[in-house]
Each structure stands twice: as structure tokens, then as C-alpha cells.
Amino acid sequence: MGTKGIAIVGMDVGKLLELLNRAFSDEWLAYYQYWLGAKVVKGPMKDAVIAELLQHSADELRHADMLTTRIIQLGGTPALEPKKWYDLTNCGYDAPSDPFVKKILEQNIKGEQCAIGVYTRLLESTLGKDPVTYNLVVQILSDEVEHEEDLQALLEDLAGMLK
Ligand SMILES: [Fe+2]
Ligand SMILES: [Fe+2]
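Description of the structure in this document. (Residues numbered from 1 in each chain as written. Chains lettered and ligands numbered in written order. Predicted model: local features only at pLDDT ≥ 70, side-chain atom pairs only at ≥ 80, totals over all residues. Heavy atoms only, no water.)

The next subject is empty space enclosed by the protein. Counted under the stated rule, the structure contains one cavity of 30 Å³ or more. Empty space within the largest cavity amounts to approximately 170 Å³. Around the largest cavity, the lining comprises 13 residues; the ones closest to its centre are Asp26, Ala30, Gly111, Glu112 and Ala115. Taken together, the elements giving at least two residues each to the lining of the largest cavity come down to helix H2 (13–40) and helix H5 (101–126). Take the lining of the largest cavity: its biggest share by element is five residues, from H2. Residues belonging to the lining of the largest cavity are distributed by class as follows: four nonpolar, four polar and five charged. (1 Å grid on protein atoms, 1.4 Å probe; cavity = no way out; pocket = protein on both sides within 12 Å on 5 of 7 lines; lining within 4 Å. Points joined across faces, edges and corners; volume = space filled by probe spheres on them. Helix = DSSP H or I, 4+ residues; strand = E, 2+ residues; numbered from the N terminus. Nonpolar A, V, L, I, M, F, W, Y, C, P; charged D, E, K, R; others polar.)

Here it is, written out as C-alpha cells:
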């Protein structure tokens, strides 16, 4: 915890930490949703979808890492128990109970669209108040935008194939 680094934050640090912990919980749930989806997915284009899901799961885990680093910098404590993720999450968790490739893609697109909304709001909250968090969120948001597009492109290819 760096005192000057915290002092320059021009917003309620407790509130900011709550927002960061919520996003942190989302990232862990997204990581698991992708990781497990890659294991159970079935159907056409399975191999391409597995490769994408595994890449995304690694990105979400990296996002959780980035958010923890910032939470600790700000003197906060990351959610210490997985069961807290369910209390804190913005975007929830969609179990891949239907392993058909189209369903898995749709669930993860929904998750990405939720994440894009969450990080856009976090940018609005930190604009001009906390440039360090702002910059971190820009990096994460760029990945989520890419993720949405990757998955929608796969869904389009799949739709062409299923015709
Ligand atoms: Fe993420
Ligand atoms: Fe993502």
C-alpha cells in the first residue's frame, strides 16, 4: 500500500475498491466459464472454438491478476473466498450445462457484452480521478471488445455451416 499513490485518487477509495472487487469476481467466474466450456463443448467447429475459449480463459485470469494488483496497491483486500464471487459479481456465471457449441458461444457473448458494460462504467467513474485504474481498465476493456468480436465471428461461421 503506497500512501501517496492512494492520496492522489480523487474519488472515494472504498467505493473504488468495491467496484474493483466486483470486476475481480467477474473475471474469475468468466475464467472458469471459458475454461470449463472448452472442456465440455461439442459440435461442429469444435477445435476452433476450443482454441478461442482457452485463449479467452487465459485473458480473463490475467485480468483477475491485474485487478488484484490494483486492489492491493489501493490498500484493499481481494475477495478471499470463491463463494464471495457470487455475492460480488456483476455478470454472474452461466454453467455450460448445454455443451452444444452454439449455446456455449452465445453464453460467452452475453458475458462479454456484460463485461464491456461494466468496464465502460468503470471508465466513466475513474475518468479524471484515478488515471492508474483508468489505464488498467482501458487495457481490459480492449480485450473484452476483442473477445466479443472473436466469438461473434465464430458464431457467424457456425451459422453459415449449419445452413
Ligand atoms: Fe476479462
Ligand atoms: Fe472477456
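From this point, the discussion proceeds with the structure in view.
Moving on to the pattern of salt bridges. The full count for this structure, using the stated rule, is seven salt bridges. Glutamate 18 is the partner of arginine 22 in a salt bridge, and the nearest nitrogen-oxygen pair spans 3.1 Å. Of this pair, arginine 22 and glutamate 18 are both found in helix H2, four residues apart, which corresponds to roughly one turn of the helix. Assessed through its relative accessible area of 24%, arginine 22 is described here as partly exposed. Note that lysine 102 and glutamate 106 form a salt bridge whose closest N and O atoms lie 2.9 Å from each other. Here glutamate 106 and lysine 102 lie together in helix H5, a separation of four residues that amounts to about one turn. (Salt bridge = Lys/Arg side-chain N within 4 Å of Asp/Glu carboxyl O. Buried < 20%, exposed > 50% of the residue type's maximum accessible area, 1.4 Å probe, protein only.)

On to the coordination of the iron ion (ligand 1). The protein atoms that coordinate the iron ion (ligand 1) are Glu27 (OE), Glu27 (OE), Glu60 (OE), His63 (ND1) and Glu144 (OE), at distances of 2.0 to 2.3 Å. In this structure the iron ion (ligand 2) is found 4.0 Å away from the iron ion (ligand 1), and glutamate 60 serves as a bridging donor for the pair. A residue pair is termed long-range when its members are at least 10 positions apart, and glutamate 60 in helix H3 (residues 46–73) and glutamate 144 in helix H6 (residues 131–162) qualify at 84 residues. When sorted by exposure, glutamate 60 lands in the same class as glutamate 144, which is buried. (Donors = N, O, S within 2.8 Å, 3.2 Å for Na, K, Ca; no water.)

The next point concerns the packing of aromatic side chains. With the rule as written, the count across this model stands at four aromatic pairs. Seen in terms of ring centroids, tyrosine 32 and tryptophan 35 are 6.1 Å apart; in terms of plane orientation they differ by 20°. Their pairing is stacked. Here the residue tyrosine 32 and the residue tryptophan 35 both occupy positions in helix H2, the gap between them amounting to three residues, near one helical turn. A network of ring pairs unites the aromatic residues Trp28, Tyr31 and Trp85 as a single cluster. (Phe/Tyr/Trp six-rings, centres within 6.5 Å; stacked < 30°, edge-to-face > 60°.)

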